[in-house]
Structure formats: C-alpha cells, structure tokens
Amino acid sequence: MFDSEIERKAVSPAPSKRVCVIGLGFAGLPTATAIAAAGHRTTGLDIDAAKVASINAGHATSGIPAAAITTLIDDGSLIATTDAAAIARAEVILISVPTPIDSEGRPNEVPVERACETVLEHVSDGALIVMQCTVVPGSTRRLLVDPLNAAGRKVGEDIFVAFSPERINPGDAVFNVSNTTKLVAGATDACLERGREFVASFVSTAMPVASLETAELAKLVENTFRFINISFVNELAVLCDRFGVNAWDVIRAAETKPFAFMAHFPGPGIGGDCIPVSPRYLQAAAERKGLVSDVIAASFRATGRMAGHVSDRLAALLAERGRVMTGARVIVVGLAYKPDIADTRHSPAVAVIRELESRGAEVVVHDPLATGIIVNGVLRPSMPLDRVWPAGAVGADAAVVITPHSSIDYSALAGRVGVVLDTRNALGWVGSDRIVSL
Ligand SMILES: NC(=O)c1ccc[n+]([C@@H]2O[C@H](COP(=O)([O-])OP(=O)(O)OC[C@H]3O[C@@H](n4cnc5c(N)ncnc54)[C@H](O)[C@@H]3O)[C@@H](O)[C@H]2O)c1
C-alpha cells in the first residue's frame, strides 16, 4: 500500500507550491522538511532568530539531523526566516506554533492566537491556511474562519481554511511525517478538497474528516486515550504492589485475549508535550460546553500519585538494606520523558526528584542524551555514572531509572549502587538481582 503510494507520487508529482510553515519546533520543522522534500518551495517562519539562523546554517535543530536540513537548504527548497512578509508570498500557510498549558494546567492559547493574527494580517487571497496545532475544539473556526468571513474575505471562495493535526512520535524509527496517515478537515467542501490535495502531496495518506471540530476532537482523543489508559495501569501498579505481583505480568497475561484489549504499561508518571497536555485541552473544551470530564480528572489524580509510589517503593528497598530515605544518596537515571530522545518537557523525573528530596534523600541526576533537567527553577546538570558520589553513581545507595535509554550500561550501574529501582520494568535482560521493578 505504502510502496504503491510512493510509486504514484513518483509518476504524478503534485505541482510545487510556495509554502510557509509557521513555527519550526519539534512538530513544525519535521513537517517543513517533509513538505520541502516533496518538492514544495518552503519557507519556515519563526520568531526565534537563533533557531532560524541555526536552520539556515544547516545545524541539527528540533530533532532533525544536520544532513537532512543541509540537503534541503543547499538545493533551495527550504529557507528559514523571521520575516512575516513570507506569509503574503505563500500559496499555503501551515501553522505549527506551541499550544502549551499554564502553571494552573489551563490551555495557554496566546501563541496560537498571535500566530493567527499575524497570518490574517499578511495572507493573500487564494491561499490555503492549514492549522496543525493541537487546539481547543472550535479554535480553527474562532481564530481563522470567523475573522476572515467578518473581514469580508469569504472562506471557501476567496481564501481556504483546513485543520490537519500532527502525529509525530519523536524517536520512532518506523513512523515519520511522510508515512503516517494525516487527518484533514476543511471549513467548506472546497477547503477540504484543497487541504486534502496539499496534505496528500507530502504524506502517504491524507484522511478526510467530517468537520474542523471533528478533526480537532480526534487529535485530543488520540492523546487522551493514551493518557487515561496509562493512568489506569499506573493505579493498577500500586494495587499490584500490595498483592506482591508484577503489574507487567498481569498486563501481559490480559494481553493474550485476542480481541478488545490494548496493552498499556505503568511508569513513574506521564511526560512530554502532548500526552499530558491534550487532556487539559479536552477538559477545557468540556468546561466551555458546561460539562465536567470526570474520567480525565480521575486519571490526573491516579498518575499524580506515581511520584509518591516510586518514593514508597524506594524507601522499602532501602529499608530492606538497613538504610533510611533521610540522607540516602540516590541517582535518578533517564531524565527525558521517553527512551532515546533528549526532550525533558513535562518529564516525570521532576516530580520524582522533588518527592525524594522532600523525604530527605540527596539526589543527583544522569542522562546520556539530555544535558540536565530544571527542578524548582534550577538546572540540575547530568552527572557521569562512573565517578564517585556526589559526582556520579559510585557509592550511591540507590538508582531510580525513570527512562531506560538504550545507551546506558545497566550492568555497570547495578554494580556501582546498592539497588536499582526500574520504574519501567525494562531492565530484566540485564540479569542483575540488584535491579528491582516498580
Ligand atoms: N512535539 C510533538 O511531538 C508534537 C506532536 C504532535 C503535535 N504537536 C503539536 O504541534 C504544535 C507545535 O508543537 P511543537 O512541539 O513543535 O512546539 P515547539 O515549542 O517545539 O516549537 C514551536 C515553535 O514555534 C515558534 N513560535 C511561537 N510563536 C510563534 C509565532 N507567533 N510565529 C512564528 N513562530 C512562533 C517557537 O519559537 C518555536 O520554535 C503544538 O500544538 C503541539 O501540541 C507536537
């Protein structure tokens, strides 16, 4: 199926368009490079001048390797700029700016509102605007369709608006922008047709969806489904501990049912910029419609207890070895939110470090990819594992593995510390009796 799609594109390539991708981050830059690689003349627009300079110099940026960027910059298919005038020249504008949460866990819609204002100010008639951000449902209509119509620029005739969410999975060796099905919805039938045609020019399958709000909700549902299921097994892990059984054994057993079960596995929390953020956007959507999302709220409570559970387990393991948490020397290993990437955004390591320190432990951190992690506003630099405490693991009472990067020498780690608490049940292959699962 995928091979035939590639062949189809090779024999009938879509006509090249002038495309402006706004926001060159972890989602926007891979999208911009995929669009440029598909033959469109692509300009990346970002307010971060240092990032723009880095891309134009061909340096690795936002998870894209230098070689991939250099090839596209050198052949003229990709250029980065801070000049919003690029919007006026573009036939297609794709918006991929951050949609974070604030300190209260509420959607911070300021960046996407600002970006839409800039687009509305510069966009030329005839252009297609594609919203790619993960937004509160209704936002594409509120921020683009309604203001354009109100300004007398008829959407679906003078100008076209689509929503097409990103499904990037950082660190995934199989799925990338080009080979992952991408949803696309339009404000009108003409908008959908133009959006579908453009998206199909750089991904294997562009999947049409009934309405803007359907596609906006679908994106939130994908991530919230994962959040709720992981939260459920996180709660299960605490129960399994009370029964003295391994939660992963329970889930693997349940997984042998050949229908209607999908395995999710516990951990020390849920990190990243998407999975713990999207449920907040869905909660906000429910609130705006006068509803309460009980299941999401309960899931946040269940997952919010995991740092405490990790600390309880470590305290028990220390007690078995005649130690107490107060004054225990603990190295927290793996700071990124998932294995084999360097991204520490919303990493569960932060809550675990805070919890361990609140119980009197002395904590240092190690990650072979991330340079460190910010806890309570202070950067904790990654320490080497082969040095003596406090600069490393040698002589530490315990290690807590938050994220099991494949490049860590776990047998050496187990040889250097009293006990290793493996919060992902990922290190059984090491075969050390000093490594204990959550
Ligand atoms: N990171 C992921 O894996 C991922 C996956 C799927 C969806 N998404 C969604 O994609 C969107 C972007 O996320 P991200 O992770 O790429 O964010 P990011 O923080 O990595 O990058 C966003 C970029 O946008 C730039 N920016 C902010 N405001 C701007 C403006 N007004 N004009 C131009 N540039 C501006 C920033 O400088 C930054 O470079 C979000 O809605 C996110 O939820 C992200």
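Our structure's up above, just so we're on the same page.
Let me sum up the structure you'll find in this document. Note that the coordinates shown come from a computational prediction; the quantities given were computed from them, not determined experimentally. The residue count restarts for each chain, going from 1 along the sequence in the order it is written. Two thresholds apply to this predicted model, a pLDDT of at least 70 for residue-level local features and 80 or more for giving and counting side-chain atom pairs, whereas whole-chain, interface and lining totals are computed over all residues.

1. Some remarks on the packing of helix α9 (residues 212-243) against helix α11 (residues 278-288)
- Lines fitted to C-alpha atoms define the axes here, with helix axes fitted over just the stretch in contact, and angles between the N-to-C directions of these axes take values from 0 to 180 degrees. Elements are defined by DSSP. Helices are runs of H or I of four residues or more, strands are runs of E of two residues or more, and each kind is numbered from the N terminus. α11 packs onto α9 with a crossing angle of 115° between their chain directions and a minimal axis gap of 8 Å. Comparing their axes, α11 and α9 come out roughly perpendicular. Handedness of the crossing formed by α9 with α11: left-handed. In contact with L220, N223, T224 and F227 of α9, α11 contributes S278, P279, Y281 and L282.
- Each residue is assigned to one of three groups, with Ala, Val, Leu, Ile, Met, Phe, Trp, Tyr, Cys and Pro labelled nonpolar, Asp, Glu, Lys and Arg labelled charged, and all others, Gly among them, labelled polar. For the contact of α9 with α11, the residue count by class is five nonpolar, three polar and no charged. For classification, angles of less than 35 degrees are called roughly parallel, those exceeding 145 degrees roughly antiparallel, those between 65 and 115 degrees roughly perpendicular, and all remaining angles oblique. Handedness of a helix crossing follows the sense of rotation of the near helix relative to the far helix, less than a right angle counterclockwise being left-handed and clockwise being right-handed. Note that contacts rest on C-beta atoms placed from the backbone: two residues are in contact if these are within 7 Å.

2. Regarding the pairing of strand β3 (residues 78-81)
- Burial along β3 is one-sided: the residues L78 and A80 are buried and none of I79 and T81 is.
- The pairing criterion for strands is at least two bridges between them, as found by DSSP. Relative to β3, strand β2 (residues 41-45) runs parallel, the two sharing four bridges. In the sheet register, L45 faces β3, and the bridge partner there is T81. The burial criterion counts other C-beta atoms lying within 10 Å of a residue's C-beta, which is placed from the backbone; the residue is buried at 20 or more, exposed at 12 or fewer, and partly exposed between these limits.

3. A closer look at unusual backbone geometry
- Positive phi outside glycine occurs at S62, with the angle close to 45°.
- With respect to the helices and strands, S62 occurs in the loop between α3 (49-56) and α4 (66-74).
- A positive phi angle is found at H346, which is not glycine, with a value near 55°.
- Assignment of secondary structure puts H346 in the loop between β9 (329-333) and α14 (348-358).
- Look at H346 and you get buried, because 20 C-beta atoms sit within 10 Å.

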